[in-house]
There are 2 protein chains.
Amino acid sequence: MTTSVGIQPLSIERLRTACSTCGLRELCLPVGLAEAELERLDDLIQVRRTAKKGQSIYRSGDAFAALYAVRSGFFKTTILSEDGRDQVTGFYMGGEIVGMDGIGTELHTCDAVALEDSEVCVIPFSRLEDLSRQVPALQSHFHKVMSREIVRDHGVMMLLGSMRAEERLAAFLVNLSQRFVARGYSPSEFYLRMTREEIGSYLGLKLETVSRVFSRFQDEGYISVQQKHVRIIDIPKLRQLIGQRGGAC
Amino acid sequence: MTTSVGIQPLSIERLRTACSTCGLRELCLPVGLAEAELERLDDLIQVRRTAKKGQSIYRSGDAFAALYAVRSGFFKTTILSEDGRDQVTGFYMGGEIVGMDGIGTELHTCDAVALEDSEVCVIPFSRLEDLSRQVPALQSHFHKVMSREIVRDHGVMMLLGSMRAEERLAAFLVNLSQRFVARGYSPSEFYLRMTREEIGSYLGLKLETVSRVFSRFQDEGYISVQQKHVRIIDIPKLRQLIGQRGGAC
DNA sequence: CGGTTCTGTTGACATGGATCAAAGTCACGC
DNA sequence: GCGTGACTTTGATCCATGTCAACAGAACCG
């Protein structure tokens, strides 16, 4: 009595990479697709790639051909300026899309580096463009994903342009916490996959400052940190800390 | 003997807003379109809007419905945080596209304010999505425009995260200069449409610092500034200044 | 055309975060 | 299991930029 619409012989490989059965689907893909559309989407991703900690899935200057959906693990993206400084431009976890920097010039403009052993779904970009011409919901979804990346970047610009060290760290922790919740993890207890230096680079601070502010937050009882293990004790307080100006000073 | 392909009765209004005859076309639109595609594009923009200096074409929280191509004039975009700080997230001149922040949530997340009397072409977003499903070159072009916005934001993050005041100003001036050249203006002499405070906000500096660095650049003979009028005397020197670390310190 | 307000310049001083330095902790390979 | 190197913490000091303040020019408007 199991009525399955349009069952087809699926190879193990195809099943393995099928979006329709992926637990992260609602993060990567539009919701509410018709069965027929979902099937078409399953053609989108044929390949998964793994990256061990420290390896990159693409580097600045590489030809752009695909986007990457983080399937498991954790990534950072960094740009390296001519004079050797590098800037972390983002951290990416399961269900998030990396690689949109490359679309504009057809060359990647940053490195995407795994911060732990990770797996990504390779989304060939030309296929994504083809499919999104046929499936409006996919088109719309993709545009939203890109737009949200822009909005996220604006948030970082606000953070870098006008917040103090404590506010930046508080914002960073609250943001991580939210993203972990959305993935079904604890909002208040997690392991940082990145070093103090990487956090500092992202937030425009030196690693010593990051370390000191963590210690200060711990002294104040807002969090407890031990190396990469963080437990947030007082989320409301951290939220309050973000966007506090002219208070003490 | 004038052989025009597919001439149709064009109202004056239609002709006025037609992309195919717009001097900024190569900045907004894909190049190398077939005649038939170009004609379809002329349906894209039906409306122009003007904004006097200080007026905004949209505000944070407004429902998102369209992108705006700057036809003439100059805009800034700003986000306002709850506690009243605001951050300039970009400056936009002729041929550039504003409004992509709104796609993700269908609400705008920043204000777009005219810094001088300006005119924009209204691009209804649903029509853009429809058309780009039919005209792959338009689809591709639009994706590139969004991607470049992301890359630009990464550049600002680098600037805010790791450059010193002089480097930031130098980068800002060089960037403006490049964009003016691309529009056929002088690379070395232009009017700033924004105040010191707006520059400072964009660059993560206070207006006094901006003013001081301008004065210092002038003392060194790199530029000459008088209020909003800037003349760049030594562009190579400014370029060299960007990404100079561990030199003098 | 004169007053008012916005914008820009410059100086004196304060301070948050950078820098330099040293020691402690952890992870990993042999 | 121990040594080596990567990461983190903490302290002392310094400096680039912020803050506060005063004034000077421009722009605007009745």
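Residues numbered from 1 in each chain as written. Chains lettered and ligands numbered in written order. Predicted model: local features only at pLDDT ≥ 70, side-chain atom pairs only at ≥ 80, totals over all residues. Heavy atoms only, no water.

Bringing the packing of helix H6 (residues 165-182) of chain A against helix H8 (residues 207-219) of chain A into the picture now. All names here are of chain A. In contact at an axis separation of 10 Å, H6 and H8 are set at 75 degrees when each is read in the N-to-C sense. The pairing of H6 with H8 is recorded here as roughly perpendicular in orientation. Across from Ala165, Glu166, Leu169, Ala170 and Leu173 in H6, the residues of H8 making contact are Thr209, Val210, Val213, Phe214, Arg216 and Phe217. Here the residues of the contact of H6 with H8 sort into 8 nonpolar, 1 polar and 2 charged. (Axes fitted to C-alpha atoms, helices over the stretch in contact; angles between N-to-C directions. Helix = DSSP H or I, 4+ residues; strand = E, 2+ residues; numbered from the N terminus. Parallel < 35°, antiparallel > 145°, perpendicular 65-115°, else oblique. Contact = heavy atoms within 4.5 Å. Nonpolar A, V, L, I, M, F, W, Y, C, P; charged D, E, K, R; others polar.)

Turning next to the interface of chain B and chain A. Facing the 46 residues of chain B at the interface are 46 residues of chain A. In total, chain B and chain A occlude about 4200 Å² of area from one another, counting both sides; carbon and sulfur atoms represent 61% of this. For the chain B face of the interface with chain A, the top three residues by lost area are Arg85, Arg133 and Met157 of chain B, together amounting to 18%. Where chain B meets chain A, there are 4 salt bridges. With its nearest N and O atoms 2.6 Å apart, the salt bridge here joins Glu106 of chain A to Lys144 of chain B. One can count 23 residue pairs in polar contact (both at pLDDT 80 or more) joining chain B with chain A. Mapped by element, the contributors of at least two residues to the side of chain B that touches chain A are strand S4 (74-80), strand S5 (86-93), helix H4 (125-134) and helix H5 (136-162) of chain B. At 20 residues, the largest contribution of residues to the side of chain B that touches chain A is made by H5 of chain B. (Buried area = accessible area lost by both parts, 1.4 Å probe. Salt bridge = Lys/Arg side-chain N within 4 Å of Asp/Glu carboxyl O. Polar contact = N/O pair within 3.5 Å; in protein donor to acceptor, adjacent residues only side chain to side chain.)

With that out of the way, let us pick up the sheet that holds strand S6 (residues 97-98) of chain B. Adjacent strands of a sheet form backbone hydrogen bonds with each other and so pair up, either parallel or antiparallel. Residue and element names in this part refer to chain B. With antiparallel pairing, the 4 strands of this open sheet are ordered in space as S1-S8-S3-S6. This sheet does not close on itself; its edge strands, each paired only once, are strand S1 (47-51) and S6. Where strand S3 (residues 66-72) lies against S6, 2 bridges are found, and the strand directions are antiparallel. Residue pairing for S6: Tyr68 is matched across the bridge by Val98. (Pairing = 2+ DSSP bridges.)

This next bit is on the sheet that holds S5 of chain B. All names here are of chain B. Sheet architecture is open: 4 strands sit in the order S2-S7-S4-S5, paired in antiparallel fashion. Both outer strands of the open sheet, strand S2 (56-58) and S5, are each paired with one neighbouring strand and no more. Adjacent strand axes in the sheet meet at a mean angle of 30 degrees when their direction is disregarded. Inspection of the sheet shows S4 paired to S5 by 7 bridges, in the antiparallel sense.

What follows deals with the relation of the copies chain B and chain A. Its rotation angle being 180 degrees, the transformation that places chain B on chain A also includes 0.0 Å of axial translation and leaves an RMSD of 0.0 Å. Such values leave the two copies arranged in the relation of a two-fold axis. Identified as the residue of chain B closest to the rotation axis by C-alpha distance is Arg133 of chain B, at 2.2 Å. Interface residue correspondence from chain B to chain A reaches 100%, placing this contact among same-surface, isologous pairings. (Least-squares fit on C-alpha atoms with pLDDT ≥ 70 in both.)

The next subject is the protein's contact with DNA strand C. Around DNA strand C sit 18 residues in total, of which Ala165, Thr209 and Arg212 of chain A together with Arg196 and Ser215 of chain B are the nearest. Within the side chain of Glu208 of chain A, an N or O atom sits 3.3 Å from a base nitrogen of DNA strand C. The side chain of Arg212 of chain B places a nitrogen or oxygen atom 2.9 Å from a base nitrogen of DNA strand C. Mapped by element, the contributors of at least two residues to the surface near DNA strand C are H8 of chain A together with helix H8 (207-219) of chain B. The greatest single-element share of the surface near DNA strand C, amounting to 5 residues, is contributed by H8 of chain B. Its residues assigned to classes, the surface near DNA strand C shows 3 nonpolar, 7 polar and 8 charged. (Near = heavy atom within 4 Å.)

Attention now goes to the protein's contact with DNA strand D. Close contacts around DNA strand D come from 18 residues, with Arg196, Ser211 and Ser215 of chain A together with Ala165 and Thr209 of chain B the closest. Each atom of DNA strand D within 4 Å of the protein was classed as base or backbone; sugar and phosphate made up 64%. At 3.2 Å from a base nitrogen of DNA strand D is found a side-chain nitrogen or oxygen belonging to Glu208 of chain B. Side-chain polar atom of Thr209 of chain B to a phosphate oxygen of DNA strand D: 2.4 Å apart, as the coordinates give it. Those elements that provide at least two residues to the surface near DNA strand D are H8 of chain A together with H8 of chain B. Per element, the largest residue contribution to the surface near DNA strand D is 5 residues, and it comes from H8 of chain A. Here the surface near DNA strand D is composed, by residue class, of 4 nonpolar, 6 polar and 8 charged.

Looking now at the side chain of Ser201 of chain B. Residues and elements named next belong to chain B. With respect to the helices and strands, the residue Ser201 is situated in helix H7 (residues 196-203). Judged by its relative accessible area of 14%, Ser201 falls in the buried class. Ignoring anything within four residues of it in the chain, the contact list for Ser201 reads Asp86, Gln87 and Val88. (Buried < 20%, exposed > 50% of the residue type's maximum accessible area, 1.4 Å probe, protein only.)

Next up on the list: the pattern of salt bridges. Residues and elements named next belong to chain A. With the rule as written, the count across this model stands at 26 salt bridges over all chains. One salt bridge connects Lys76 with Glu198, and the closest N-O pair in it is separated by 2.8 Å. Linking Lys76 in strand S4 (residues 74-80) with Glu198 in helix H7 (residues 196-203), this pair joins segments that are 122 residues apart in sequence. For Lys76, a relative accessible area of 13% translates into the label buried. For Arg179, the salt bridge goes to Glu96, with nearest N and O atoms at 2.9 Å. With a gap of 83 residues between them, Arg179 in helix H6 and Glu96 in the loop between strand S5 (86-93) and strand S6 (97-98) connect regions that are remote in the sequence. The buried category is assigned to Glu96, whose relative accessible area is 17%. Salt bridges here are not isolated pairs; linked through shared partners, they connect Glu96, Arg179 and Arg183.

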